[in-house]
Amino acid sequence: MRFDNQVAIVTGAQTGIGRAIAERLASEGAAVVLADVADAEPVAEHIRSTGARALAVRTDVSDETSVAHMVDQTVEAFGRVDILVNNAAIASTIELRAFEQITVSQWRRMQDVNMMGPFLCIRAVAPHMRAQQQGRIVNITSGTAFKGAPFMLDYVASKGALMTMTRALARELGKDFITVNAVSPGYTLSEGNLANKEFLSSYRDAAIQGRAIPRDGWPADIVGAVAFLASADAAFVSGQIMAVDGGSVYH
Ligand SMILES: NC(=O)c1ccc[n+]([C@@H]2O[C@H](COP(=O)([O-])OP(=O)(O)OC[C@H]3O[C@@H](n4cnc5c(N)ncnc54)[C@H](O)[C@@H]3O)[C@@H](O)[C@H]2O)c1
């Protein structure tokens with residue numbers, strides 16, 4: 001029970017990789033807050049049925065007021081914030097599109113959720129982590145930013161930014177013993193990706209062929225790396241980007 005008496009916020013935990021991360025952290029003792037724009041109460045109920053503590057808070061990570069409310073709710077319910085996993089993103093719902101066809105409003109929305117969302121969440125938890133002189137922040141980036149995947153330039157740009165934010169924030173927050181790292185999944189069969197047939201047909205086989213370990217990736221493959229970076233074992237690891245993609249990119 002590595003996370004006994006610890007409190008973790010996982011954004012975008014209603015489904016997919018975020019849900020798997022929340023369930024893993026809870027199974028190792030953390031009280032988890034599921035911060036999602038969709039209703040994550042069924043996930044919270046499921047976690048509570050295992051004996052762990054969980055709270056679903058409807059949150060739009062791109063909205064400053066909504067994020068502040070979510071962190072207030074977390075502290076009110078559980079008293080502290082030890083771990084933040086920035087997982088929420090416009091991800092499995094994106095439509096593949098040539099870059100010339102990306103509208104300005106689509107571009108802005110992508111950056112608001114995928115890049116500003118983590119900024120707002122980190123800014124809101126930082127005072128609590130600083131007061132504790134302890135904290136773990138894990139940003140979920142994407143292998144597309146290493147590889148330069150086509151037809152999703154707005155998404156790739158947002159994840160590239162999150163990688164550089166990880167490095168820069170590690171340097172700002174390290175003096176308060178707050179680590180900032182990233183996990184960079186390869187193409188992963190979350191429920192959302194399984195439902196996105198265009199994605200499946202465009203990426204699944206190519207992803208497998210590009211891997212040292214030639215098989216599908218699943219949400220369960222991602223959670224171990226996140227849990228490690230969120231744990232005491234990673235106290236001296238910061239500013240790192242860990243690819244969890246079956247050995248697809250080496251960097
Ligand atoms: N699945 C993959 O192949 C893959 C690969 C690389 C990186 N990733 C990253 O992993 C993470 C999870 O991927 P997934 O496939 O499980 O995604 P998904 O699309 O299935 O789920 C995303 C979750 O984020 C929530 N969300 C969306 N906008 C939000 C907002 N504004 N505020 C709060 N919550 C919001 C959604 O409701 C949903 O629960 C994402 O950051 C994604 O970019 C996924």
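Residues numbered from 1 in each chain as written. Predicted model: local features only at pLDDT ≥ 70, side-chain atom pairs only at ≥ 80, totals over all residues. Heavy atoms only, no water.

(A) Structural context of the site of the ligand. Asp-36, Ser-92, Tyr-155, Thr-188 and Ser-190 are the nearest of the 29 residues found near the ligand. At a separation of 2.7 Å, an oxygen atom of the ligand approaches a polar side-chain atom of Ser-92. Within the side chain of Asn-193, one N or O atom sits 2.8 Å away from an oxygen atom of the ligand. Protein burial of the ligand: of its 830 Å² of free accessible surface, 92% is covered by the chains. Counting only elements with at least two residues in the shell around the ligand, the list comes to helix H1 (16-27), helix H4 (104-132) and helix H6 (153-173). (Near = heavy atom within 4 Å. Polar contact = N/O pair within 3.5 Å; in protein donor to acceptor, adjacent residues only side chain to side chain. Areas by Shrake-Rupley, 256 points an atom, 1.4 Å probe, with all protein chains shown as cover. Helix = DSSP H or I, 4+ residues; strand = E, 2+ residues; numbered from the N terminus.)

(B) Examining the environment of Arg-97 more closely. Tracing the sequence through the fold places Arg-97 in the loop between strand E4 (83-86) and H4. By relative accessible area, Arg-97 is classed as partly exposed at 24%. (Buried < 20%, exposed > 50% of the residue type's maximum accessible area, 1.4 Å probe, protein only.)

(C) Focus on unusual backbone geometry. With a phi angle near 65°, Asn-5 is a residue other than glycine that sits in the positive phi range. Considering the arrangement of structural elements, one finds Asn-5 in the segment before strand E1 (7-11). Positive phi, close to 60°, is recorded for Phe-177, a residue that is not glycine. Note on placement: Phe-177 falls in the loop between H6 and strand E6 (178-185). A relative accessible area of 55% places Phe-177 in the exposed class.

(D) Looking closely at the pairing of E4. Here E4 shows a buried face lined by Ile-83 and Val-85 and a second buried face lined by Leu-84 and Asn-86. For E1 and E4, the ladder comprises three bridges, and the chain directions are parallel. Opposite Val-10, over in E4, you have Val-85 as the bridge partner. Two elements, E4 and strand E5 (residues 135-140), share four bridges in a ladder whose sense is parallel. When the bridges of E5 are listed, Leu-84 appears paired with Ile-137. Assessed by its sense of winding, the connection that carries the chain from E4 through H4 to E5 is right-handed. (Pairing = 2+ DSSP bridges. Right-handed = clockwise from strand over helix to strand, strands pointing away.)

(E) The sheet that holds strand E3 (residues 54-58), seen in detail. Strand order in the open sheet made by the seven strands is E3-E2-E1-E4-E5-E6-E7, with parallel pairing throughout. Two strands close off the open sheet at either side, each with one partner strand: E3 and strand E7 (241-244). Here the strands of the sheet are splayed against their neighbours by 20° on average, with no regard to which way each runs. Note: E5 against E6, six bridges, orientation parallel. Within the sheet, the bridge partner assigned to Val-138 lies in E6 and is Asn-181. Across the sheet, helix H9 (residues 219-230) touches E4, E5, E6 and E7, and the angle it forms with E6 is around 170°. (Axes fitted to C-alpha atoms, helices over the stretch in contact; angles between N-to-C directions. Contact = heavy atoms within 4.5 Å.)

(F) Expanded view of the pairing of E1. Burial runs high along E1: five of the five residues are buried. Of the two faces of E1, the one carrying Val-7, Ile-9 and Thr-11 and the one carrying Ala-8 and Val-10 are both buried. For the crossover from E1 across H1 to strand E2 (residues 31-36), the handedness is right-handed.

(G) Representation of the packing of helix H3 (residues 64-78) against H4 in the model. Relative to each other, H3 and H4 sit at 35°, their axes nearing to 9 Å. Here H3 and H4 pass one another in a crossing that is right-handed. Contacts from Glu-64, Val-67, Met-70, Val-71 and Val-75 of H3 reach H4 at Leu-120, Cys-121, Arg-123, Ala-124, Val-125 and His-128. Residues belonging to the contact of H3 with H4 are distributed by class as follows: eight nonpolar, one polar and two charged. (Left-handed = near helix turned anticlockwise from the far one by under 90°. Nonpolar A, V, L, I, M, F, W, Y, C, P; charged D, E, K, R; others polar.)

(H) A look at the environment of Gln-101. Relative to the helices and strands, Gln-101 is located in the loop between E4 and H4. In this structure, the C-alpha to C-alpha distance between Gln-101 and Val-223, residues 122 residues apart in sequence, is 35 Å.

(I) Structural view of the pattern of salt bridges. Applying the stated criterion to the full structure yields eleven salt bridges. Ionic pairing is found between Asp-176 and Arg-130, a salt bridge with its closest N-O pair at 2.9 Å. Here the residue Asp-176 occupies a position in the loop between H6 and E6, and Arg-130 occupies one in helix H4, the gap between them amounting to 46 residues. (Salt bridge = Lys/Arg side-chain N within 4 Å of Asp/Glu carboxyl O.)

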